[in-house]
Amino acid sequence: MAKIATIRKDLERRVSAGEWQPGEELPSRTVLAERYGVSPATVSIAVRDLEKTGLIRIVPSKGV
């Protein structure tokens, strides 16, 4: 659970800081998983949590 919270906070910080512009895709879950040293499933949980807050949007067949 700590890894999910760490990923969520880091992604939230990076999005809020403007690292990714509105409408721009985040790196794939596979790339993020490699970056954070976790499984893609762990990244998926963190990303879904951020979608619930409204900070990001998941578009089926397109990405995050």
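For the structure itself, consult the block above.
Reading the values: rules and limits
- Residues numbered from 1 in each chain as written.
- Predicted model: local features only at pLDDT ≥ 70, side-chain atom pairs only at ≥ 80, totals over all residues.
- Heavy atoms only, no water.
- Axes fitted to C-alpha atoms, helices over the stretch in contact; angles between N-to-C directions.
- Helix = DSSP H or I, 4+ residues; strand = E, 2+ residues; numbered from the N terminus.
- Parallel < 35°, antiparallel > 145°, perpendicular 65-115°, else oblique.
- Contact = heavy atoms within 4.5 Å.
- Nonpolar A, V, L, I, M, F, W, Y, C, P; charged D, E, K, R; others polar.
- Salt bridge = Lys/Arg side-chain N within 4 Å of Asp/Glu carboxyl O.
- Left-handed = near helix turned anticlockwise from the far one by under 90°.

A. Quick peek at the packing of helix H2 (residues 29–36) against helix H3 (residues 40–53). Running from N to C, H2 and H3 point in directions that differ by 105 degrees, and their axes come no closer than 8 Å. Taken together, H2 and H3 sit at an angle that is classed as roughly perpendicular. Touching Arg29, Leu32 and Ala33 of H2 are Pro40, Val43, Ser44 and Val47, all from H3. Considered class by class, the residues forming the contact of H2 with H3 number five nonpolar, one polar and one charged.

B. A look at the pattern of salt bridges. A full pass over the atoms with the stated rule returns four salt bridges. Measuring nitrogen to oxygen at the nearest pair gives 2.6 Å for the salt bridge that ties arginine 13 to aspartate 10. Of this pair, arginine 13 and aspartate 10 both sit in helix H1 (residues 2–16), three residues apart, roughly one helical turn. Salt bridges here are not isolated pairs; linked through shared partners, they connect Asp10, Arg13, Arg14 and Glu19.

C. Inspection of the packing of H1 against H2 at higher detail. Contact geometry of H1 with H2 gives a least axis separation of 12 Å together with a crossing angle of 115 degrees. Here H1 is positioned roughly perpendicular relative to H2, judged by the angle of their axes. The interaxial crossing formed by H1 with H2 has right-handed handedness. Between H1 and H2, the contacting residues are Ile7, Asp10, Leu11 and Arg14 on the first element and Leu32, Arg35 and Tyr36 on the second. Tallied by class, the residues present in the contact of H1 with H2 amount to four nonpolar, no polar and three charged.

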